[in-house]
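Structure at a glance
What follows is each chain in one-letter form.
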Amino acid sequence: MKTFFFKHLRVFRVIAMIIAIAATAWLIWFGCALSGNPVSYFLVKSSSQKYVAENYPGFVAENPGYNFKFGNYFVRISKPGSDDSSFVASFGLNGRFLYDNYEGNVTNGYNTRLRLETRYRELVKSVLESPASPFETDIGFGELIFARDSDNEERYPAHDFSIPTDILEPDGIYDIAALGEIGGVLDICVCSEDKSPERAAEILRELDALMTKGGVTFRAIDLTLESSDREYYTAENIHREEISQNDLAEIVIQKHNAYEARFASIEK
């Protein structure tokens, strides 16, 4: 056996070398698949800077990042001093430009919309989490509903109002209180063993008073009562002007029934 090994030692060395080279090549390939490669990185960096200079004067391109899921590079492009003028461009491994989302993010107001929604959400959160709030909530946040599109139809089917999107301009100055009056929704889940319409009506009035005190405007409330055994009672799209009405409990019942009917139709 020993004689056979030494006789074929050169062959074993060649086989071992081939295995080592193959393993190294596989590791290099695997590393490039996960994080890209230096050649592509510099090609994309040069290409993105040229692309920005030719198409978006005044903007700057950040260093490329690699998207291993799609096997391409992405570059964040932004305008210094602007909160709403940023977007992403995609480039292939050879540095060739593929696409960007400037139109959706900047021209069509997505960035502006996101900025306003974030400000409104933070305002509502600050009031709900303040010492003045008497509620124990599992979920509590504010949303601004803009003019319906395919996305909004799916996300907000219960609401019959919206903020027009044609008001959105990059870095525009807006009155958050005015936007809240037009399209603000409070989505709140309150812990309560009593899940009756009458208790929901009481909570709605308490919420209205709390938001008034905190300077938060809104158009409607989506309220859910949650018991300790994880049972729920939900009423959607209760308009602020309805909260002051004497028959609020009956309104809650109507909105709850509409909510139940909508979900029953979805399940069919």
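Criteria and cut-off values
Residues numbered from 1 in each chain as written. Predicted model: local features only at pLDDT ≥ 70, side-chain atom pairs only at ≥ 80, totals over all residues. Heavy atoms only, no water. Pairing = 2+ DSSP bridges. Helix = DSSP H or I, 4+ residues; strand = E, 2+ residues; numbered from the N terminus. Axes fitted to C-alpha atoms, helices over the stretch in contact; angles between N-to-C directions. Expected span 1.5 Å × (residues − 1). Buried < 20%, exposed > 50% of the residue type's maximum accessible area, 1.4 Å probe, protein only. Parallel < 35°, antiparallel > 145°, perpendicular 65-115°, else oblique. Left-handed = near helix turned anticlockwise from the far one by under 90°. Contact = heavy atoms within 4.5 Å. Nonpolar A, V, L, I, M, F, W, Y, C, P; charged D, E, K, R; others polar. Right-handed = clockwise from strand over helix to strand, strands pointing away. Salt bridge = Lys/Arg side-chain N within 4 Å of Asp/Glu carboxyl O. Patch = residues over 30% accessible without salt bridge, like charges linked within 9 Å, V, L, I, M, F, W, Y side chains within 5 Å. Areas by Shrake-Rupley, 256 points an atom, 1.4 Å probe, with all protein chains shown as cover. Lys, Arg positive; Asp, Glu negative; His and termini not counted. Charge placed at Lys NZ, Arg CZ, Asp CG, Glu CD. pLDDT = per-residue confidence, 0-100.

1. Some thoughts on the sheet that holds strand β7 (residues 184-191)
- With respect to topology, four strands assemble into an open sheet ordered β6-β7-β8-β9, the strand pairing being mixed. The strands lining the two open edges of the sheet, one partner per strand, are β6 (137-144) and β9 (232-239). For this sheet, the mean inter-axis angle between neighbouring strands, taken without regard to orientation, is 10°.
- As judged from the six bridges shared by strand β8 (residues 220-226) and β9, these two strands associate in the antiparallel manner. Bridge pairing in β9 places I221 opposite I238.

2. Some points on helix α8 (residues 197-214)
- The terminal C-alpha atoms of α8, which comprises 18 residues, lie 25 Å apart, in line with the 26 Å expected from a rise of 1.5 Å per residue.
- By the burial criterion, the buried members of α8 are P197, A200, A201, I203, L204, L207, D208, L210 and M211.
- Following α8 by one or two positions, G215 adopts a phi angle in the positive range, close to 80°.

3. Structural notes on the packing of helix α5 (residues 110-128) against α8
- Where α5 contacts α8, the axes come no closer than 10 Å and their chain directions differ by 110°. In terms of orientation, α5 and α8 fall into the roughly perpendicular class. Here α5 runs over α8; the crossing is right-handed. Where α5 approaches α8, its residues V124, V127 and L128 are matched on the opposing element by L207, L210, M211 and G214.
- For the contact of α5 with α8, a count of residues per class yields six nonpolar, one polar and no charged.

4. Regarding unusual backbone geometry
- One non-glycine residue, D171, lies in positive phi territory at about 65°.
- If you check the backbone angles, R230 has positive phi at about 65° while not being a glycine.
- Position of R230 among the secondary structure elements: in the loop between β8 and β9.

5. So, the pairing of β8
- For β8, the tally of buried residues reaches seven of seven residues, placing the bulk of the element in the interior.
- Side-chain alternation along β8 places A220, D222, T224 and E226 on one buried face and I221, L223 and L225 on a second face that is also buried.
- Here β7 runs beside β8; their pairing, made up of seven bridges, is parallel. Looking across to β8, one finds that C191 is bridged to E226.
- One crossover worth recording links β7 to the parallel β8 by way of α8, and it is right-handed.

6. Some words on the pattern of salt bridges
- Inspection of every chain in the model, using the stated rule, returns ten salt bridges.
- Residue R240 pairs with D208 through a salt bridge whose shortest N-O separation is 2.7 Å. Here D208 lies in helix α8 and R240 lies in helix α9 (residues 240-243), a separation of 32 residues in the sequence.
- The shortest N-O distance in the salt bridge between E226 and R230 comes to 2.2 Å.
- Connected through shared salt-bridge partners, R199, E202 and E206 make up one network.

7. A short note on a negative patch on the surface
- Together, D194, E198, D247 and E250 line one region of the surface with negative charge.
- Inspection of the secondary structure assignment puts D194 in the loop between β7 and α8.

8. Here we look at the confidence of the model for the chain
- Summarising the model, the chain shows a mean pLDDT of 85, and 81% of its residues fall at 70 or more.
- By mean pLDDT, the top-scoring element of the chain is α9 (97), and the lowest-scoring one is helix α2 (residues 9-35) (45).
- Every residue in residues 4-9 scores below 50 in pLDDT, and together they form two contacts with partners more than four places removed in sequence or on other chains.
- Confidence drops under a pLDDT of 50 for residues 20-36, and excluding neighbours within four residues, the segment shows eleven contacts in the predicted structure.

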